[in-house]
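Observations on the model geometry
Take a look at the letters that make up each chain.
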There are 2 protein chains.
Amino acid sequence: MTTTAAPGLHVHDRYGDADLPPLTLSNETLAVQLAHRSVRSFLPDSVSDEHLTAMVAAAQSAPTSSNLQAWSVVAVRDAAHKSRLAALAAEQRFVEEAPLLLVWLADLGRARRLAARHERPLAGADYLESTFLAFLDATLAAQNAVVAAESLGLGTVCVGAIRNRPEDVARELDLPPHVFAVFGLAVGWPDPDERAGVKPRLPQSAVLHRERYDAPRADAGIDAYDARLRAYNRRVGLAGGWTERVLRRLAGPGSLAGRDRIRDALVGLGLPSR
Amino acid sequence: MTTTAAPGLHVHDRYGDADLPPLTLSNETLAVQLAHRSVRSFLPDSVSDEHLTAMVAAAQSAPTSSNLQAWSVVAVRDAAHKSRLAALAAEQRFVEEAPLLLVWLADLGRARRLAARHERPLAGADYLESTFLAFLDATLAAQNAVVAAESLGLGTVCVGAIRNRPEDVARELDLPPHVFAVFGLAVGWPDPDERAGVKPRLPQSAVLHRERYDAPRADAGIDAYDARLRAYNRRVGLAGGWTERVLRRLAGPGSLAGRDRIRDALVGLGLPSR
């Protein structure tokens, strides 16, 4: 929790911009956060229960709406089990390869079971607001787990593809009604040979507004960012810039990898989301 | 990023349980995370631009789905502006009192504007999946900002009530179409006289499952947790346990403080969420 003015944290990699001055504030936590990168290649070593306990304690330390704690997490280590989940999540090799897969759950089941036990109504849980609340709780928790993991030298990557086939994932994890898998997190020890680094983000001016949203100012930096991301991609053996990626990813229902069905899946799994 | 085995981090406060052994892993980042509490009483001192820059750099370092970065944040410091937003967010005094209010936005507007500029379709953004993606991106970013803020000695509290009146909040922040305020974050220097501490959470056994979801095992610790939370509440001048709070908070549409309308509000603000 110490803060030092010098030497300042470099943000060149974070923004892909060698001209940016360093942050004037610096500490170990900020350094961990700024160094974040997605890790998709892992050593075979397992992640210990001590590491898992620390990650979950950090996750539980995140804020949660009205202290409802409307989330849970399933830790998957069994190779066959993990491999079946990888098959459901776009067959991404790193999900199978990571020694630990955490599946973060929006969990309105706990509250529903409490209501049933106490014979009380819980119609508020039927609304889209409550689904959001549970998704947000799971996400706040998961991000704290990501930071904790990286502070311990572990690497992680989010697996949004866990939402591609929600009913199959629910079956694979024995999820009770009113529980929905929000995303996966592959966790392990980073392979030092992986060819990937800190991915540059949009300039701060694109995401940070003062008092009121200012679209022309925010969008002014996108072309320069496209060039910076293209340069980064070239360096790690990928191609293309940002704009093209965004436009393809959201082009139509067919580009959502099955997730255009998510509303029906929610209803079917006991989250009416009205 | 150093990890030391001794002395280990105490989790007594986090779980309200004096019998728990300390974590075997420890570092500065974990210590910051485990010490999280909501701060609702602030000193009058302002939060500098340097602090804001560091928080936003941390926020941008969080994972984001397919690097879409479908979020933005509005920093509100103007007293009159902040006071109007506080009025829209259940008139919570601490929103007005905090020197800085960050409003985290699910932002599909940037991608929509890009698509319009390049005359490309973007029908994928119409789906509930894309709304979730933007909510998740905003939340991952915000949680990183919370950790960064706390590592610098700042205090924060989430303001879910920013969702009570979405259209009015959108007007107040000049939000363009396809942008939705997910939650607020009041930020400032903690008043050392505030009577509140680290709020105990459910035992790890309630949220952490191994391989498959196990409801009976997860729910077994709830009664004991109710007693621990009641003891904590008594200490800080509050009343009641957890179960009663959950059942009241989700009892019906009337307990959602206007948020039972969120689906209509999304559609009206350009996030069809189909």
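Residues numbered from 1 in each chain as written. Chains lettered and ligands numbered in written order. Predicted model: local features only at pLDDT ≥ 70, side-chain atom pairs only at ≥ 80, totals over all residues. Heavy atoms only, no water.

Another aspect to go through is the interface of chain A and chain B. With 128 residues of chain A in contact, the opposing surface of chain B contributes 128 residues. The junction of chain A with chain B conceals about 11,700 Å² of combined surface from both sides, 58% of it contributed by carbon and sulfur atoms. When the buried area of chain A at its contact with chain B is split by residue, Glu211(A), Tyr213(A) and Leu250(A) rank highest and sum to 7% of it. Counting the contacts that link chain A with chain B gives 14 salt bridges. The partner of Arg113(B) in a salt bridge is Asp219(A), and the shortest N-O contact between them spans 2.5 Å. For the interface between chain A and chain B, the tally reads 71 residue pairs in polar contact (both at pLDDT 80 or more). Sort the elements by how many residues they give to the side of chain A that touches chain B and helix α7 (residues 128-151) of chain A lands first, with 16 residues. Bridging between strand β1 (residues 71-76) of chain A and strand β5 (residues 208-210) of chain B involves 3 bridges; their strand directions are parallel. Counterpart to Ala75(A) in the pairing with β5(B) is Arg210(B). (Contact = heavy atoms within 4.5 Å. Buried area = accessible area lost by both parts, 1.4 Å probe. Salt bridge = Lys/Arg side-chain N within 4 Å of Asp/Glu carboxyl O. Polar contact = N/O pair within 3.5 Å; in protein donor to acceptor, adjacent residues only side chain to side chain. Helix = DSSP H or I, 4+ residues; strand = E, 2+ residues; numbered from the N terminus. Pairing = 2+ DSSP bridges.)

Let's shift gears to the relation of the copies chain A and chain B. Between chain A and chain B, the superposition needs a rotation of 180° and an axial shift of 0.0 Å, giving an RMSD of 0.0 Å. Such a turn and shift between the copies fits a two-fold axis. Relative to the rotation axis, the C-alpha of Thr29(A) is the closest in chain A, positioned 2.5 Å from it. Here 100% of the contact residues of chain A are again contact residues in chain B; the copies associate through an equivalent surface. (Least-squares fit on C-alpha atoms with pLDDT ≥ 70 in both.)

All names here are of chain A. Within the fold, Leu140 resides in helix α7. When its relative accessible area of 5% is taken as the criterion, Leu140 is described as buried. Separated by 78 residues in the primary sequence, Leu140 and Ala62 place their C-alpha atoms 6.0 Å from one another. (Buried < 20%, exposed > 50% of the residue type's maximum accessible area, 1.4 Å probe, protein only.)

Once that is clear, we can look at helix α3 (residues 49-61) of chain A. Turn by turn, an α-helix covers 3.6 residues, leaving residues three or four places apart pointing in a common direction. Residue and element names in this part refer to chain A. An ideal rise of 1.5 Å per residue puts 18 Å on 13 residues; α3 measures up with 18 Å between its terminal C-alpha atoms. Extensive coverage of α3 is indicated by the burial of 10 of its 13 residues. Along α3, the residues classified as buried are His51, Leu52, Ala54, Met55, Val56, Ala57, Ala58, Ala59, Gln60 and Ser61. In this structure Ser48 caps α3, since a side-chain oxygen of it lies 3.3 Å from the backbone nitrogen of Glu50. (Expected span 1.5 Å × (residues − 1).)

As a further point, take the sheet that holds β5(B). Note on sheets: strands pair through backbone hydrogen bonds, and any given pair is parallel or antiparallel. Reading across from one edge, β3(A)-β4(A)-β2(A)-β1(A)-β5(B) is the order of the 5 strands in this open sheet, with mixed pairing throughout. The open sheet is flanked by β3 (155-159) of chain A together with β5 of chain B, the only strands paired with a single partner. If you compare each strand with its neighbour and ignore which way they point, the axes differ by 25° on average. Here β3(A) pairs with strand β4 (residues 179-188) of chain A via 5 bridges, running antiparallel. Bridge pairing in β4(A) links Val157(A) to Ala186(A). (Axes fitted to C-alpha atoms, helices over the stretch in contact; angles between N-to-C directions.)

Turning our attention to the environment of Asp137(A). Residue and element names in this part refer to chain A. Summarising the element assignment, Asp137 is placed in helix α7. Through-space distance from the C-alpha of Asp137 to that of Pro63 is 7.6 Å; in sequence the pair is 74 residues apart. From its side chain, Asp137 meets the backbone nitrogen of Ala70 in a polar contact 3.1 Å long.

What follows is about empty space enclosed by the protein. Evaluated as defined, the whole model comprises 4 cavities of 30 Å³ or more. In this structure, the largest cavity occupies an estimated 70 Å³ of space. Lining the largest cavity we find Trp242(A), Val246(A), Leu250(A), Leu68(B), Gln69(B), Ala70(B), Asp107(B), Leu108(B), Arg110(B) and Ala111(B). Going through the elements one at a time, α12 (242-249) of chain A together with α6 (109-117) of chain B are the ones with two or more residues in the lining of the largest cavity. Residues of the lining of the largest cavity, tallied by class, amount to 7 nonpolar, 1 polar and 2 charged. (1 Å grid on protein atoms, 1.4 Å probe; cavity = no way out; pocket = protein on both sides within 12 Å on 5 of 7 lines; lining within 4 Å. Points joined across faces, edges and corners; volume = space filled by probe spheres on them. Nonpolar A, V, L, I, M, F, W, Y, C, P; charged D, E, K, R; others polar.)

Below, the discussion takes up the domain arrangement of chain A. Taken domain by domain, chain A holds domain 1 (1-35) and domain 2 (38-191 + 258-268). Relative placement of domain 1 of chain A and domain 2 of chain A: their C-alpha centres are 30 Å apart. (Domains from an automatic or database assignment.)

Looking now at the packing of aromatic side chains. Tallied over the full model, the rule gives 9 aromatic pairs over all chains. For the pair Phe132(A) and Phe135(B), a centre-to-centre distance of 4.1 Å together with 15° between the ring planes defines the contact as stacked. Separated into two different chains, Phe132(A) in helix α7 and Phe135(B) in helix α7 (residues 128-151) make up a pair that spans both. Owing to a relative accessible area of 0%, Phe135(B) belongs among the buried residues under this scheme. One aromatic cluster is present, formed by Phe132(A), Phe135(A), Phe180(A), Phe132(B), Phe135(B) and Phe180(B) through successive ring pairs. The ring of Phe94(A) has Arg40(A) sitting right over it, with the charged end atom 5.8 Å from the ring centre. (Phe/Tyr/Trp six-rings, centres within 6.5 Å; stacked < 30°, edge-to-face > 60°. Lys NZ or Arg CZ within 6 Å of the ring centre and 35° of its normal.)

Applying the stated rule across the entire model yields 32 salt bridges over all chains. A salt bridge links Glu129(B) to Arg163(A); its shortest N-O distance comes to 2.8 Å. On the criterion of chain membership, the pair formed by Glu129(B) in helix α7 and Arg163(A) in the loop between β3 and α8 (166-172) is interchain, its members lying in two chains. Owing to a relative accessible area of 1%, Glu129(B) belongs among the buried residues under this scheme. With its nearest N and O atoms 3.0 Å apart, the salt bridge here joins Arg259(A) to Glu129(B). One end of the pair, Arg259(A), is in the loop between α12 and α13 (262-268); the other, Glu129(B), is in helix α7, on a second chain. Summarising the burial analysis for this pair, Arg259(A) and Glu129(B) share the class buried.

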